[in-house]
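# Structural characterization, general
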Amino acid sequence: MPSDSCLRRYDRQRNVPLCLASTIALTALYVICYKGAVRIKGEVTMHIDFHCHLYPEEYLKKLEASKGDVRIEKNEKGEKIILSMGARAGPVTEDFFDIEVRLDKIKQNNIDMQILTTPHPGIDRFSPGESAEMSRVINDGLSKVVKKYPNHFQGLAMLPLIDIKLALKELERAIFDLGLKGICMLTNIAGQTPDSDFLLPVYERAQSLGVPIFIHPTTPVGAQVMKEWRIAIILGFEFDVMLSATRLAYAGIFERFPELNFIIAHLGAGIPFLAGRIDRGYHDPTCGIRTKRPTSDYLKELYCDTVSFYQPALKLAYEFFGADRMVMGSDFPLPIGDLEAAVSSIEEMDISGEEKEKILGKNVERLLGLNK
């Protein structure tokens, strides 16, 4: 129960004479004192950043020790840069791993909660044993943060998908022992596409558990022509988002697992723009697509995050997916993200307040069962 002083602060801010008894009588709302103000869960929507990343320090140490294509190196300035098959991310700063610094920053940017993931560069370019160990390190690190600050952070598990038995074992541990809320997987698994048969047991188990899968982009096949100017991340990631989602639709994975929720990154990349062209494949008998409905029907049932911050792109994604299928994201702490624009870009959209509330937090609450 909130203190009387907390409620009095709320009364002054709202300029409404409320007493403790009348506050309780309004509804069974959960009142939280937040930065000297009061947020009421149920009256004010929590702002939840679905697309953001945390890199546990133990995972970073393993990347520093790696001598393979996925590793950490220092540039000419002495900064730590994450390398993955030619793609470069970073520099690694305290924003990548320091949860106390992060907590202050999200509060400053009107964000109540983040859903933490550790996707790219991933764990798939290692041996099965190394991949399984890295997934445990990542998931333990995320769980530690969630347990410390459950009102501000939740997490999605990384799995060693190059070995399905190990992946299913880690999935059970992540959900039941660590309390993580779903799965984060990459748009390709060491170059293999997400519609590959070996992944079917993971989709089946995720559907039975009722946990969603966030598909995050990674370095695409063919990245050798994308080494300059960080094109592998700027454009290559978007190609892989479109390719992975379209393959999942064409292959009938979405049709086969109708209760499994998938979230794709970056407004679905070019999918809203190219949906008509993608549907041509469904209508062309030479393509061999045998789903019951046009491809765009399945793509519209996906969720997308709002990492773009560009109003014309947000509008197109809104028209394609709808407000019920969009979740706010920042891509923090990567340089291509924008923590400051995550909330404001949604607030600036020319849509109803109710729809903005869905995008800013309500959809994530429903997806992850945060109100249960």
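Read on for an overview of the structure. It should be emphasised that the depicted structure is a prediction, and the values quoted were computed from it without experimental measurement. (Residues numbered from 1 in each chain as written. Predicted model: local features only at pLDDT ≥ 70, side-chain atom pairs only at ≥ 80, totals over all residues. Heavy atoms only, no water.)

### Quick word on the overall build of the protein
Looking only at helices and strands, the protein has 14 helices and 14 strands in total. Across the 372 residues in the protein, those meeting the buried criterion constitute 54%. Relative to all contacts within the protein whose residues are 6 or more apart in sequence, the contacts with residues 24 or more apart total 72%. Per element, the accessible surface of the protein, about 17,100 Å² overall, is 51% carbon and sulfur. (Helix = DSSP H or I, 4+ residues; strand = E, 2+ residues; numbered from the N terminus. Buried < 20%, exposed > 50% of the residue type's maximum accessible area, 1.4 Å probe, protein only. Contact = heavy atoms within 4.5 Å. Areas by Shrake-Rupley, 256 points an atom, 1.4 Å probe, with all protein chains shown as cover.)

### Observations regarding empty space enclosed by the protein
Applying the stated criterion across every chain, the model contains one cavity of 30 Å³ or more. Considering the residues around the largest cavity, the lining is formed by Ser84, Met85, Pro121, Asp124, Arg125, Leu186, Asn188, Ile189, Ala190, Thr218 and Thr219. Residues belonging to the lining of the largest cavity are distributed by class as follows: five nonpolar, four polar and two charged. (1 Å grid on protein atoms, 1.4 Å probe; cavity = no way out; pocket = protein on both sides within 12 Å on 5 of 7 lines; lining within 4 Å. Points joined across faces, edges and corners; volume = space filled by probe spheres on them. Nonpolar A, V, L, I, M, F, W, Y, C, P; charged D, E, K, R; others polar.)

### A few points about the pairing of strand β10 (residues 213-216)
On β10, burial covers both faces: Ile213 and Ile215 on one face and Phe214 and His216 on the other are all buried. Of the strand pairs in this sheet, strand β9 (residues 183-186) and β10 are connected by four bridges, and their pairing is parallel. Its bridge partner being in β10, Met185 is matched across the sheet by Ile215. Running through helix α7 (residues 200-209), the crossover from β9 to the neighbouring parallel element β10 is right-handed. Pairing of β10 with strand β11 (residues 262-264) involves three bridges; the strand directions are parallel. Across the sheet, Phe214 pairs through a bridge with Ile263, a residue of β11. (Pairing = 2+ DSSP bridges. Right-handed = clockwise from strand over helix to strand, strands pointing away.)

### What about a nonpolar patch on the surface?
On the surface, a cluster of nonpolar side chains totalling about 360 Å² of accessible area is made up of Ile234, Leu235, Phe239 and Ile336. In this fold, Ile336 is placed in the loop between β14 (329-332) and α13 (339-347). (Patch = residues over 30% accessible without salt bridge, like charges linked within 9 Å, V, L, I, M, F, W, Y side chains within 5 Å. Salt bridge = Lys/Arg side-chain N within 4 Å of Asp/Glu carboxyl O.)

### A word on the sheet that holds strand β8 (residues 153-155)
In space, the four strands of this open sheet follow the order β8-β7-β3-β14, with parallel pairing throughout. Of all the strands in the sheet, the pair left with one neighbour each is β8 and β14. Each neighbouring strand pair of the sheet contributes to a mean axis angle of 30 degrees, computed without reference to strand direction. Relative to strand β7 (residues 113-117), strand β3 (residues 48-53) is paired through four bridges, and the arrangement is parallel. When the sheet's bridge partners are listed, Cys52 is paired in β7 with Leu116. Against the sheet, helix α5 (residues 128-148) engages β7 and β8, with an angle of about 150 degrees to β8. The sheet strands contacting helix α14 (residues 353-368) are β3 and β7, and the helix crosses β3 at an angle near 75 degrees. (Axes fitted to C-alpha atoms, helices over the stretch in contact; angles between N-to-C directions.)

### Focus: the pattern of salt bridges
A complete count under the given rule lists 13 salt bridges for this structure. As a salt-bridge pair, Glu100 and Lys148 come within 2.8 Å of each other at their nearest N and O atoms. Residue Glu100 is found in helix α4 (residues 99-108), and its partner Lys148 is found in helix α5; the two are separated by 48 residues along the sequence. Taken together, the shared-partner salt bridges in this structure form one network comprising Asp140, Glu170 and Arg173.

### Some thoughts on helix α10 (residues 271-283)
The end-to-end C-alpha separation of α10 is 17 Å, in line with the 18 Å expected for 13 residues at 1.5 Å each. Ile271, Pro272, Ala275, Ile278, Asp279 and Gly281 are the residues of α10 that are buried. (Expected span 1.5 Å × (residues − 1).)

### Quick word on the layout of surface pockets
If you roll a probe as big as a water molecule over the atoms, it shows you where there is empty space left. Of the voids in this model, the largest pocket is the one considered here, and its volume is about 380 Å³. Lining the largest pocket we find 22 residues, and of these Glu238, His266, Ala269, Val307 and Ser308 sit closest to its centre. No other element matches the five residues that helix α8 (residues 231-250) contributes to the lining of the largest pocket. A breakdown of the residues in the lining of the largest pocket according to their chemical character gives 16 nonpolar, four polar and two charged.

### Focus: the sheet that holds strand β6 (residues 87-89)
One open sheet accounts for three strands, arranged β4-β5-β6; its pairing is antiparallel. Edge positions in the open sheet fall to β4 (70-74) and β6, since each of these has one partner strand only. Strand-to-strand twist of the sheet, defined as the mean angle between neighbouring strand axes without regard to direction, takes the value 30 degrees. Examined bridge by bridge, β4 and strand β5 (residues 80-84) share five bridges and lie antiparallel to one another. Looking at the pairing, Lys74 lines up with Lys80 of β5. Along the sheet face, helix α3 (residues 57-65) touches β4 and β5 and points at about 85 degrees away from the line of β4.

### Quick word on the nonpolar core
Tyr203, Ile213, Ile264 and Leu299 are the most contacted members of the largest nonpolar core, which has 105 residues in total. It is α8 that provides the largest number of residues to this core, a total of eight residues. When sequence neighbours within four positions are dropped, the list of residues in contact with Leu299 reads Ala245, Ala249, Phe254, Ile271, Ile278, Phe320 and Phe321. (Core = buried A, V, L, I, M, F, W, Y, C linked by side-chain atoms within 4.5 Å.)

### Focus on the side chain of Asp305
Inspection of the secondary structure puts Asp305 in strand β12 (residues 303-305). Despite being buried, Asp305 has no salt bridge partner; Arg102 is the closest side chain of opposite charge, sitting 13 Å away. A distance of 2.7 Å separates the side chain of Asp305 from the side chain of His51, its partner in a polar contact. Looking at Asp305, its side chain comes within polar contact range of the main-chain nitrogen of Val307, at 3.0 Å. Non-local contacts of Asp305, meaning those with residues more than four positions away in its chain, are made with His51, Phe214, Ile263, Ile264, Ala265, His266, Leu267 and Val327. (Lys, Arg positive; Asp, Glu negative; His and termini not counted. Polar contact = N/O pair within 3.5 Å; in protein donor to acceptor, adjacent residues only side chain to side chain.)

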